[in-house]
Amino acid sequence: MKENNASQTASTTINLAALQNVKPSDSITLIDAFDLLWKKRWLLLLFVLVGAAVGVFMGNWARPVYASDALLKLDLKGNKAGKAMGGEMGMLLDMASPADAEIEMIKSRKVLSYVVDAEGLCYHAVPVGFMNRLRHREGRMDISSMSLPLEHRGGWSARIVNDSTYEVFDAEENSVLVGTVGKEISAAYDGDSISIEVSLLKGKPGQTFKIGQTTPLKAARMLAGQLKVAERGKQTGVIGIKYHHRYPDRAMSVLNTVVNVYLRQNIEMRSAEAEKTLQFLENQLPGVKAKLDSSEKKLADYRHRIGSVDMSGETQALLKKEQDLNNQLLLLEQKRQEAARLFKNEHPAVQTIVKQQARIRGELAKLKTSASKMPLTQQEVLSLQEEVAVNNAQYTSMLNNIQQLRVVRAGEVGTVRVVDYAVEDADKVKPRSFRILLCSIAASLMIGVLLVFLIRLLKNGVRNALEIERETGVSVYAKIPESGNRELKKAYRMGSAYRRGKLPLVCQFPEDPASEALRSLFASVEFSVPTEHPVIMVAGLVAGVGKSFVSRNLAALFANAGKKVLLIDADMRRGVVYSKHKHGLADILSGKCSLDDAVSLTDVDNMWVVGAGNVKMAPTDLLHGERFPEMLKLARERFDAIILDTPPINLVADTELILPQVDLSLFVLHYGRHSIDQINEAMIKVDRLSDSPKAFVMNHCEREGRGYHYNYGYYSYKKRS
């Protein structure tokens with residue numbers, strides 16, 4: 001006895017622990033997610049097929065695109081030859097620009113406006129035709145020049161007449177002119193004129209094109225957006241340009257025009273700068289020459305006045321050393337200016353040059369002091385000779401610079417050279433049909449997965465039987481799964497199968513997983529009913545949960561067990577139970593017929609039914625009074641079990657009037673559709689009306705993770721002869 005109590009206590013403890021650890025219905029694990037997707041695999045396969053079809057269509061619909069590229073080399077250090085010949089002036093002409101600045105110059109309107117005009121990018125002719133585009137059999141029309149009336153710019157079209165002739169139509173499909181390839185054709189139109197010149201025409205006769213023109217500014221902006229200009233590597237000075245177009249020859253032509261226009265403008269810019277500098281130097285040259293002549297005249301006059309003066313060796317050495325120091329000081333000043341462009345004055349490189357200049361100036365000061373000790377005549381001659389030497393050096397340098405500038409202007413040398421011109425490439429870069437197909441399939445599959453999970457979230461009702469039992473205290477007798485039999489789903493939808501007289505599921509498909517779950521329900525009901533001739537009510541909380549399906553199959557199981565069972569369709573508003581008699585429950589309660597007149601034998605042995613009947617009064621009025629209890633009392637005497645198929649309890653009051661008369665109430669729940677609050681609300685109403693036993697049946701259950709898969713293949717049986 002103690003052992004039994006101990007085992008019961010342990011069992012109760014285990015059940016309480018299980019109820020406390022119930023997984024919430026709104027949670028989903030990774031395994032649950034995979035199981036849900038596997039269950040909806042045919043829907044996902046449909047999405048994949050649709051995505052594949054869309055991908056194939058898009059891959060064929062997209063027009064082919066071809067690419068062409070060119071390569072430029074930017075000379076960031078300027079022209080080395082000019083630098084070597086021009087000395088300081090060569091450095092002044094060093095117009096080195098960063099690659100980013102040159103990239104922006106290539107994409108500027110100053111360059112692209114010339115390209116738009118030269119290549120006729122303001123004009124377009126787009127082929128028309130669904131099948132031609134889908135099969136890549138479109139024609140081609142290249143327009144080199146066109147002028148449309150200002151007030152009639154839209155709706156123009158052209159049609160191929162033959163290999164060299166075309167016809168132009170306005171927006172009203174009126175023929176305006178007939179032209180020939182390679183010739184400009186003009187015609188009057190509505191007080192204005194239209195002119196067009198077609199440089200290339202390909203296609204079959206009848207091929208139609210939509211023609212039009214845009215403003216040069218808009219065309220230049222579009223071209224700037226289509227050009228891909230970037231430096232290859234870092235600080236390499238190598239610029240790559242890429243351009244895409246529908247036709248490979250046009251891609252090559254447009255890109256080469258961009259390169260040539262940019263190259264020409266770069267040279268013109270350098271030539272213009274050289275011209276300005278040359279003009280400045282030529283204007284300054286007479287003044288420098290005058291200073292040189294004046295210093296030479298002073299030296300000659302002084303010598304003439306005092307006669308010949310012998311320069312001692314010390315004086316000549318002093319003069320030579322002073323000239324060398326002045327030249328060094330000039331070179332250091334050039335280096336300092338160059339370093340100042342790169343660094344601040346506090347940078348060590350700049351400070352080193354400044355210190356060297358200070359040292360040389362100190363040495364010059366010492367030479368001046370030494371020269372002051374010489375005779376006055378030699379000092380004056382030394383000073384005049386120094387002035388002549390400086391002016392002569394300045395004049396010679398300016399002459400050399402002018403000569404180099406003339407060489408630069410005549411040679412037209414720019415800071416950019418072309419490494420590779422664009423060439424025609426027949427391999428298309430777009431569309432990549434296989435990539436489009438994969439992306440389309442992936443996108444459609446993702447949409448399908450999101451749709452499956454969205455439907456799962458919208459059906460965020462209770463799915464766990466333990467959670468229902470924990471919250472309500474009412475047992476769940478069975479979980480009836482969805483059947484995988486398509487024919488079965490179609491046959492039993494809306495009770496149509498039984499109305500046509502077909503057998504219930506447990507008789508027609510006894511090996512189906514749902515039939516096994518119904519047999520489990522029958523076993524639980526047999527142990528739960530308190531009387532020998534029970535009245536069992538089967539109801540739902542709302543419509544469409546399958547309560548008629550459960551009641552019919554439960555009645556068939558009672559009949560198969562050798563018991564006489566009566567199935568009564570108590571849903572007099574929407575009866576679905578098929579009966580061979582026209583009379584039913586409504587007729588019995590209204591006094592039009594007796595129970596014997598309404599009872600009909602079915603194709604299942606030991607199973608009788610009573611239909612809903614012809615309702616002419618409110619069902620609630622018919623259920624009031626003593627006729628309904630008297631009918632049930634009479635039925636108890638004749639049958640071993642009575643099953644009532646009643647309306648949903650949350651929709652009408654009929655079930656509330658039937659509840660006090662039954663011995664067991666079964667409430668059918670749709671898996672994942674009802675919230676726990678809705679279930680509790682219904683049970684509060686039931687407890688207020690009746691003290692009889694009650695239980696739940698979960699219908700339309702789905703596979704849950706790695707749990708109960710409803711796989712009864714091991715327990716299936718075969719009839720033996």
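All values reported here derive from a predicted model rather than from experimental measurement. (Residues numbered from 1 in each chain as written. Predicted model: local features only at pLDDT ≥ 70, side-chain atom pairs only at ≥ 80, totals over all residues. Heavy atoms only, no water.)

### Description of the overall build of the protein
Next, step 1: What the protein contains, in helices and strands, is 26 helices and 21 strands.
Next, step 2: Counting only residues that meet the buried cut, the protein has 41% of its 721 residues in that class.
Next, step 3: Counting every atom, the protein has about 39900 Å² of accessible surface; 54% of that belongs to carbon and sulfur. (Helix = DSSP H or I, 4+ residues; strand = E, 2+ residues; numbered from the N terminus. Buried < 20%, exposed > 50% of the residue type's maximum accessible area, 1.4 Å probe, protein only. Areas by Shrake-Rupley, 256 points an atom, 1.4 Å probe, with all protein chains shown as cover.)

### A word on the pairing of strand S15 (residues 535–540)
Next, step 1: For S15, the tally of buried residues reaches six of six residues, placing the bulk of the element in the interior.
Next, step 2: Judged by which residues are buried, S15 turns out to be covered on both faces: Val 535, Met 537 and Ala 539 on one side and Ile 536, Val 538 and Gly 540 on the other are all buried.
Next, step 3: With five bridges joining them, S15 and strand S20 (residues 664–670) adopt parallel strand pairing. Bridge pairing in S20 places Gly 540 opposite Val 668. (Pairing = 2+ DSSP bridges.)

### Description of the sheet that holds strand S9 (residues 208–213)
Next, step 1: The strand order across the open sheet formed by five strands is S2-S9-S4-S5-S6, and the pairing between neighbours is antiparallel. This sheet does not close on itself; its edge strands, each paired only once, are strand S2 (123–128) and strand S6 (175–180). Strand-to-strand twist of the sheet, defined as the mean angle between neighbouring strand axes without regard to direction, takes the value 25°.
Next, step 2: Pairing between strand S5 (residues 165–169) and S6: five bridges, direction antiparallel. Looking at S6, one finds that Thr 165 is bridged to Thr 180. (Axes fitted to C-alpha atoms, helices over the stretch in contact; angles between N-to-C directions.)

### A short note on the packing of aromatic side chains
Next, step 1: Scanning the model with the defined rule gives six aromatic pairs in all.
Next, step 2: Their ring planes at 15° and their centres at 5.7 Å tell us that Phe 57 and Trp 61 sit as a pair that is stacked. Of this pair, Phe 57 and Trp 61 both sit in helix H3 (residues 41–61), four residues apart, which is roughly one turn of the helix.
Next, step 3: Every member of this aromatic cluster is reached through a ring pair, and the members are Phe 57, Trp 61 and Phe 130.
Next, step 4: One cation-aromatic arrangement involves Arg 264 over Tyr 114; the distance from NZ or CZ to the ring centre is 5.9 Å.
Next, step 5: Directly above the aromatic system of Phe 639 lies the positively charged group of Lys 564, at a separation of 5.7 Å from the ring centroid. (Phe/Tyr/Trp six-rings, centres within 6.5 Å; stacked < 30°, edge-to-face > 60°. Lys NZ or Arg CZ within 6 Å of the ring centre and 35° of its normal.)

### A look at the nonpolar core
Next, step 1: If you look at the biggest cluster of nonpolar residues, it comprises 46 residues, and the most contacted ones within it are Val 610, Leu 644, Phe 667 and Phe 696.
Next, step 2: No other element matches the five residues that helix H26 (residues 676–689) contributes to this core.
Next, step 3: Those residues within four positions of Leu 644 in sequence are excluded, and the remaining contacts are Val 535, Ile 536, Met 537, Val 538, Ile 568, Phe 628, Leu 632, Ile 658 and Val 662.
Next, step 4: One finds Leu 521, Ile 536, Phe 558 and Val 609 within the second-largest nonpolar core, a separate group that totals 36 residues. (Core = buried A, V, L, I, M, F, W, Y, C linked by side-chain atoms within 4.5 Å. Contact = heavy atoms within 4.5 Å.)

### Topic: H3
Next, step 1: In this model H3 runs 29 Å from its N-terminal to its C-terminal C-alpha over 21 residues, within 8% of the 30 Å that 1.5 Å per residue would give.
Next, step 2: Among all positions in H3, only Leu 44, Gly 51, Ala 52, Gly 55 and Gly 59 are buried. For H3, the arc enclosing every buried residue in end-on projection is 105°, short of the 170-degree limit, so these residues lie on one face. Facing away from the buried surface of H3 by more than 90 degrees, the exposed residues are Trp 42 and Leu 49. (Expected span 1.5 Å × (residues − 1). Arc of directions from axis to C-beta.)

### A look at the pattern of salt bridges
Next, step 1: On inspection of all chains with the given rule, the structure shows 17 salt bridges.
Next, step 2: Among the salt bridges present, the one from Arg 140 reaches Asp 249, with a minimum N-O distance of 3.0 Å. With Arg 140 in strand S3 (residues 140–147) and Asp 249 in helix H10 (residues 248–306), this residue pair connects regions lying 109 residues apart in the sequence.
Next, step 3: When its relative accessible area of 8% is taken as the criterion, Arg 140 is described as buried.
Next, step 4: One network of salt bridges, in which partners are shared, links Arg 63, Glu 138 and Arg 246. (Salt bridge = Lys/Arg side-chain N within 4 Å of Asp/Glu carboxyl O.)

### Some remarks on the sheet that holds strand S18 (residues 607–610)
Next, step 1: One open sheet accounts for eight strands, arranged S14-S21-S20-S15-S19-S16-S18-S17; its pairing is mixed. Two strands close off the open sheet at either side, each with one partner strand: strand S14 (476–481) and strand S17 (600–601).
Next, step 2: Sheet topology note: the strand S16 (residues 565–569)/S18 ladder contains four bridges and is parallel. Bridge pairing in S18 links Ile 568 to Val 610.
Next, step 3: Packed onto the sheet, helix H20 (residues 547–560) meets S14, S15, S16, S18, strand S19 (641–645), S20 and strand S21 (694–701) and runs at close to 170° relative to S19.
Next, step 4: Together, S15, S16 and S19 form the strand contacts of helix H24 (residues 627–638), whose direction differs from that of S19 by roughly 140°.

### Looking at the packing of helix H19 (residues 513–528) against H20
Next, step 1: With their axes 10 Å apart at the nearest point, H19 and H20 run at an angle of 70° to one another. Considered as vectors, H19 and H20 are oriented roughly perpendicular to each other. As H19 runs across H20, the sense of the crossing is right-handed. Of the residues in H20, those touching H19 at Leu 518, Arg 519, Leu 521, Phe 522 and Val 525 are Phe 549, Val 550, Asn 553, Leu 554, Leu 557 and Phe 558.
Next, step 2: Classifying every residue of the contact of H19 with H20 by side-chain character gives nine nonpolar, one polar and one charged. (Parallel < 35°, antiparallel > 145°, perpendicular 65-115°, else oblique. Left-handed = near helix turned anticlockwise from the far one by under 90°. Nonpolar A, V, L, I, M, F, W, Y, C, P; charged D, E, K, R; others polar.)

### Describing a nonpolar patch on the surface
Next, step 1: A surface patch of nonpolar side chains, about 1100 Å² in accessible area, is lined by Leu 43, Leu 46, Val 50, Val 54, Phe 57, Met 58, Phe 130, Met 131, Leu 451, Leu 454, Ile 455 and Leu 458.
Next, step 2: For the nonpolar patch, the elements supplying multiple residues, two or more each, are H3, helix H8 (130–134) and helix H14 (433–458).
Next, step 3: It is H3 that contributes the most residues to the nonpolar patch, six residues altogether.
Next, step 4: Relative to the assigned elements, Ile 455 resides in helix H14. (Patch = residues over 30% accessible without salt bridge, like charges linked within 9 Å, V, L, I, M, F, W, Y side chains within 5 Å.)

### Examining the confidence of the model for the protein
Next, step 1: Mean pLDDT for the protein: 81, with 81% of residues reaching 70 or above.
Next, step 2: In this model residues 1–22 is a low-confidence stretch, pLDDT under 50, and it forms eight contacts with partners more than four residues away in sequence or in other chains.
Next, step 3: Counting contacts from residues 78–97, a segment whose pLDDT is below 50, to residues more than four positions away or on other chains yields 31 contacts. (pLDDT = per-residue confidence, 0-100.)

### Observations regarding the side chain of His 245
Next, step 1: Within the fold, His 245 resides in strand S11 (residues 238–245).
Next, step 2: Within polar-contact distance, the side chain of His 245 engages the backbone nitrogen of Tyr 247 at 3.2 Å. (Polar contact = N/O pair within 3.5 Å; in protein donor to acceptor, adjacent residues only side chain to side chain.)

### Section: the packing of helix H7 (residues 109–119) against helix H9 (residues 216–226)
Next, step 1: Where H7 meets H9, the closest approach of the two axes is 9 Å, and the angle between their N-to-C directions is 110°. Put simply, H7 runs roughly perpendicular to H9. Residue-level inspection shows Arg 109, Leu 112, Val 115 and Val 116 of H7 in contact with H9, the latter providing Pro 216, Leu 217, Ala 219, Ala 220, Leu 223 and Ala 224.
Next, step 2: Split into classes, the residues belonging to the contact of H7 with H9 amount to nine nonpolar, no polar and one charged.

### Comments concerning the pairing of S20
Next, step 1: Taken across its seven residues, S20 has seven buried, putting it largely inside the fold.
Next, step 2: Taking every second residue as pointing to the same face, both faces of S20 are buried, with Leu 664, Leu 666, Val 668 and His 670 on one and Ser 665, Phe 667 and Leu 669 on the other.
Next, step 3: Across six bridges, S20 lies against S21 in parallel orientation. Within S21, the position partnered with Ser 665 by the bridge is Lys 694.
Next, step 4: Remark: the S20/H26/S21 crossover connection has right-handed handedness. (Right-handed = clockwise from strand over helix to strand, strands pointing away.)

### Details of the side chain of Asp 142
Next, step 1: Counting through the fold element by element, Asp 142 comes out in strand S3.
Next, step 2: Judged by relative accessible area, which is 12%, Asp 142 ranks as buried.
Next, step 3: A distance of 2.7 Å separates a polar atom in the side chain of Asp 142 from a polar atom in the side chain of Arg 140.
Next, step 4: Excluding residues within four positions of it along the chain, Asp 142 makes contact with Glu 197, Val 198, Ser 199, Leu 200, Tyr 247 and Arg 250.

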